[in-house]
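Next come the chains, spelled out residue by residue.
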Amino acid sequence: MPKSAVQSNIPQQWRVEPVKETSISLLCPACHKRLSFNTNIFAKGAATSVDDLTKTDQFVYRSYGQNILAFVAALIVYYYAHQWVNGEGAPLNQGILIPVFIAVIAYTIIKPFFPASLFGGKGIPIYNYKCDQCRADVFFACDGKSLALPALDEAKSREAEKMQAAKSEHLETPCNVSITRLPSMIGSAMDVRVFLNGDDMGVLKNGKTLDFTTENSINVLTVKYHADATTNSVTFNAKSGDSVRITLKYSGAILTVS
Ligand SMILES: [Zn+2]
């Protein structure tokens, strides 16, 4: 693929998380293969020695600095607009309609003038990896300290899971599937939603089990955390009339198939 075509595929929305371990792992969005990379290859930001892993010339910037600065600027605009509309010395909580209107317009106009790169430091370099299983383009950003993954369009991900399962073999007798969420104090009040091949299987509460069946030989099970909308997926094989047990450890969203 020519370089420009790859660049234009780079996602625009990113989810940044700190790197806690000596390796990072992510899922191929196309085939859900789990990909792992040693963190230290990103630490220096140098070109990597990993096959099919290339650094793009783009970066992920955190944008909170931009928002805060535009907000502060809007507050100042609000203050002066308020004094101008209501006269000097008028309490700031009175006659707010017009000043708020002016401040909101100011905020909208001001925001693009603060480039995110000014406040996000150097940014996190975006890498492109050709999945060694399906050759799909996988994009992620890592500088050794932070990992950024594209914020996927959820409907699209579920659709892709559905398509993948539909391509697999149809089982004569359905296979039983159960997922058990291990009891844990962490996140105990938080719900987890379970999807099988893109279909909503319901809510999985702390310490509980959900039972369902599948008629596909290859399946993708996805858990979606209510707390922060993060997801994790596992691909598993099912045999006719067999049963598959999956456990979920809430902390770290660790899915284990047995
Ligand atoms: Zn793949």
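Preceding block: the structure.
Numbering of residues begins from 1 in every chain and follows the order in which that chain's sequence is written. Confidence filtering applies because this is a predicted model: local features only for residues at pLDDT of at least 70, side-chain atom pairs given and counted only at 80 or more, and all residues used for totals across whole chains, interfaces and linings. To get the side-chain values, all heavy atoms of the structure are used, and hydrogens and water are removed first.

Caption draft 1: View of the overall build of the protein. Segments assigned H or I by DSSP are reported as helices when at least four residues long, segments assigned E as strands when at least two residues long, and all are numbered from the N terminus. Per the secondary structure count, the protein includes six helices and 15 strands. Under the scheme applied here, a residue whose accessible area is under 20% of the maximum for its type counts as buried, over 50% as exposed, and between as partly exposed, the area being computed with a 1.4 Å probe on protein chains only. Residue burial in the protein is summarised as follows: out of 258 residues, 38% are buried. Between two residues, a contact is recorded if the distance between any of their heavy atoms is within 4.5 Å. Once local pairs closer than 6 in sequence are excluded, the contacts in the protein between residues at least 24 apart make up 62%. Total accessible area on the protein stands at roughly 15,100 Å², and carbon and sulfur atoms take up 57% of it. Note on areas: Shrake-Rupley, 1.4 Å probe, and residue coverage restricted to the protein chains presented here.

Caption draft 2: Layout of the environment of Ser-168. Structurally, Ser-168 is set in the loop between α6 (154-167) and β8 (170-181). Looking at Ser-168, the relative accessible area reads 13%, which means it is buried. Sequence separation between Ser-168 and Asn-219 is 51 residues; the distance between their C-alpha atoms is 8.3 Å. Apart from residues no more than four positions distant in its own chain, Ser-168 is found in contact with Asn-216, Ser-217 and Ile-218. Within polar-contact distance, the side chain of Ser-168 engages the backbone nitrogen of Ile-218 at 3.2 Å. Polar contact criterion, stated in full: a pair of N or O atoms within 3.5 Å, where within protein one must be able to donate a hydrogen and the other to accept it, and residues adjacent in sequence count only if both atoms are side-chain atoms.

Caption draft 3: Structural view of unusual backbone geometry. Phi is positive for Arg-135, which is not a glycine, with a value near 65°. Inspection of the secondary structure puts Arg-135 in the loop between β5 (124-130) and β6 (137-142).

Caption draft 4: Spatial organisation of the sheet that holds strand β11 (residues 209-216). The four strands lie next to each other as β11-β8-β14-β15, forming an open sheet whose pairing is mixed. Of all strands in the sheet, those with a lone pairing partner are β11 and β15 (254-257), marking the two edges. Strand after strand, the sheet turns through a mean of 25° between neighbouring axes, direction not considered. DSSP-based pairing: two strands are paired if at least 2 bridges between them are found. Here strand β14 (residues 243-249) pairs with β15 via four bridges, running antiparallel. Across the sheet, Lys-249 pairs through a bridge with Ile-254, a residue of β15. Axes here refer to lines fitted to C-alpha atoms; in helices the fit is confined to the stretch in contact. Angles between the N-to-C directions go from 0 to 180 degrees.

Caption draft 5: Expanded view of the nonpolar core. Ranked by size, the top nonpolar core spans 22 residues in total, and within it Ile-179, Leu-221 and Val-223 carry the most contacts. Among the elements of the structure, β8, β9 (192-196), β11, β12 (218-225), β13 (231-237) and β14 are those that each provide at least two residues to this core. Ranked by the residues each element gives to this core, the list is headed by β8, at four residues. Here Ile-179 is in contact with Val-194, Leu-204, Lys-208, Thr-209, Leu-210, Phe-212, Leu-221, Val-223, Ile-246, Leu-248 and Leu-255, once residues within four sequence places are set aside. Only buried residues count toward a nonpolar core. Its members are Ala, Val, Leu, Ile, Met, Phe, Trp, Tyr and Cys residues joined through side-chain atoms within 4.5 Å. One finds Cys-28, Phe-42, Tyr-127 and Tyr-129 within the second-largest nonpolar core, a separate group that totals 18 residues.

Caption draft 6: A look at the packing of aromatic side chains. Between 30 and 60 degrees the pair is tilted, below 30 it is stacked and above 60 it is edge-to-face, where a pair is any two Phe, Tyr or Trp rings, Trp via its six-membered ring, whose centres lie within 6.5 Å. Across all of its chains, the model carries eight aromatic pairs by this definition. Ring geometry for Phe-37 versus Tyr-129: centroids 5.0 Å apart, planes at 80°, classification edge-to-face. You can see Phe-37 sitting in strand β3 (residues 34-38) and its partner Tyr-129 sitting in strand β5, a full 92 residues away along the chain. Both residues of the pair, Phe-37 and Tyr-129, belong to the buried class. Ring pairs connect the aromatic residues Phe-37, Phe-42, Tyr-127, Tyr-129 and Phe-140, which therefore count as one cluster. In this analysis the charged atom, NZ for Lys or CZ for Arg, is taken to sit over a ring once it is within 6 Å of the ring centre and within 35 degrees of the ring normal. Against the face of Phe-195 rests Arg-158, its NZ or CZ located 4.8 Å from the ring centre.

Caption draft 7: Local environment of a nonpolar patch on the surface. On the surface, a nonpolar cluster with roughly 790 Å² of combined accessible area is contributed by Ile-68, Phe-71, Val-72, Leu-75, Ile-76, Tyr-79, Tyr-80 and Leu-92. Tracing the chain through its elements places Leu-75 in helix α3 (residues 64-86). The residues that make up patches have over 30% relative accessible area and no salt bridge, and they are joined within 9 Å when like-charged or within 5 Å when they are Val, Leu, Ile, Met, Phe, Trp or Tyr. A carboxyl oxygen of Asp or Glu within 4 Å of a side-chain nitrogen of Lys or Arg is what we treat as a salt bridge.

Caption draft 8: Region of the structure containing α6. A helix is expected to reach a length of 1.5 Å times the quantity of its residues less one. The first and last C-alpha atoms of α6 sit 20 Å apart over 14 residues, in line with the 20 Å expected at 1.5 Å per residue. Ser-157, Arg-158, Glu-161, Gln-164 and Ala-165 are the residues of α6 that are buried. When α6 is viewed along its axis, its buried side chains cluster within an angular range of 120° and face the same direction. What points out from α6, more than 90 degrees from its buried face, is the exposed set Ala-155, Lys-156, Met-163, Ala-166 and Lys-167. Packing partners of the buried residues in α6 comprise β9, β11, β12 and β13. By definition, the arc is the one covered by directions from the helix axis to the C-beta atoms.

These results come straight from atomic positions and should not be treated as a statement about function.
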